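# Structural characterization, general
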Amino acid sequence: MSPCAPSSRAAPGTRRWSGRAALTPRAGARTPGAADAIGAQRVGLRISPGITDQGIVENDPVELYTALLTALSDLPLAYVHTREQAGRDLTRKLRAAWPGTLVLNPQYDDERPPHEAVDDVFTEGVADAVTLGRGFLANPDLVTRVKAQGPCSAPDPASYYGGDERGYTDYPALV
């Protein structure tokens, strides 16, 4: 799915959903409508509040995404999946706005390994499930590493989805 929230950099009037936060829920609210044929309970919604990829700028992700999730809260979606880009405080607010299943891709880095991020999410109760995308790119055996509480290989973003074997076969396995 494409992002539902507008970028503050979008040229006014050129994108149907650019503009004020009040318009944002309408963008996401069409998602389950498009899935009527298979049922909303089979539809998941991916959001990425605070993301800066590809020049996206959101002036107020709290307002944008809490409005979106509030507007969708009565729909029986299978889940909402969010990438924790703007910090745990926003994640807590999203959790409060969304009564259904929340799947979180938490923030972590070399100083705070994936297993600590997973533990924190479940200890705080801010999500029902966790995804670890970047962690799997650098650690094909990430489940084993999380269970063993590390160590984890540092990812090499230069090798992500590249044109050769780098990043696919050269990370060491946990022994």
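Source: prediction; values computed, not measured. (Residues numbered from 1 in each chain as written. Predicted model: local features only at pLDDT ≥ 70, side-chain atom pairs only at ≥ 80, totals over all residues. Heavy atoms only, no water.)

What the chain contains, in helices and strands, is 6 helices and 4 strands. Helices (α) and strands (β) of the chain occur, in sequence order from the N terminus, as α-β-α-β-α-β-α-β-α-α. Here the chain holds 175 residues, and the buried ones make up 41% of them. A sequence separation of at least 24 residues applies to 56% of the contacts in the chain between residues at least 6 apart. Accessible area of the chain: about 9,800 Å², with a carbon and sulfur share of 52%. (Helix = DSSP H or I, 4+ residues; strand = E, 2+ residues; numbered from the N terminus. Buried < 20%, exposed > 50% of the residue type's maximum accessible area, 1.4 Å probe, protein only. Contact = heavy atoms within 4.5 Å. Areas by Shrake-Rupley, 256 points an atom, 1.4 Å probe, with all protein chains shown as cover.)

Bringing helix 4 (residues 114–124) into the picture now. Residues of helix 4 that are buried include every one of Pro 114, His 115, Ala 117, Val 118 and Val 121, and no others. One side of helix 4 carries all its buried residues, which in axial view fall inside an arc of 160 degrees. The inward-facing, buried residues of helix 4 abut helix 3 (88–97), strand 3 (102–105), strand 4 (129–130) and helix 6 (142–147). (Arc of directions from axis to C-beta.)

A separate point is the confidence of the model for the chain. Overall, the predicted model of the chain reaches an average pLDDT of 77, with 76% of residues at or above 70. Within the chain, helix 1 (residues 24–34) has the poorest average pLDDT of any element, 54, and strand 3 the best, 94. A low-confidence stretch, residues 11–23 (pLDDT under 50), is modelled with 17 contacts involving residues beyond four sequence positions or located in other chains. (pLDDT = per-residue confidence, 0-100.)

Moving on: the pattern of salt bridges. Going through the model one piece at a time under the given rule, you end up with 6 salt bridges. A salt bridge links Glu 124 to Arg 92; the nearest nitrogen and oxygen atoms lie 3.0 Å apart. Placement of Glu 124 in helix 4 and of Arg 92 in helix 3 is noted, with a sequence separation of 32 residues between them. Glu 124 sits in the partly exposed class, given a relative accessible area of 40%. Accessibility expressed as a relative area gives 39% for Arg 92, which makes it partly exposed. Notably, a salt bridge pairs Asp 128 with Arg 95, separated by 2.8 Å at the nearest N-O pair. With Asp 128 in the loop between helix 4 and strand 4 and Arg 95 in helix 3, this residue pair connects regions lying 33 residues apart in the sequence. (Salt bridge = Lys/Arg side-chain N within 4 Å of Asp/Glu carboxyl O.)

A few words on the sheet that holds strand 2 (residues 79–83). With respect to topology, 4 strands assemble into an open sheet ordered 1-2-3-4, the strand pairing being parallel. Unpaired on one side and paired on the other, strand 1 (44–47) and strand 4 mark the two borders of the sheet. Examined bridge by bridge, strand 2 and strand 3 share 4 bridges and lie parallel to one another. Bridge pairing in strand 3 links His 81 to Val 103. (Pairing = 2+ DSSP bridges.)

Glancing now at the nonpolar core. Grouped together as the largest cluster of nonpolar side chains are 16 residues, with contacts concentrated most on Leu 45, Ile 47, Leu 69, Leu 77, Val 80 and Trp 98. At the level of secondary structure, the elements contributing two or more residues to this core comprise strand 1, helix 2 (61–72) and helix 3. It is helix 2 that contributes the most residues to this core, 5 residues altogether. Contact partners of Ile 47, with chain neighbours within four places excluded, come to Tyr 65, Leu 68, Leu 69, Val 80, His 81, Thr 82, Arg 83 and Leu 94. If you look at the next biggest cluster of nonpolar residues, it comprises 5 residues, including Tyr 108, Ala 117, Leu 132 and Leu 142. (Core = buried A, V, L, I, M, F, W, Y, C linked by side-chain atoms within 4.5 Å.)

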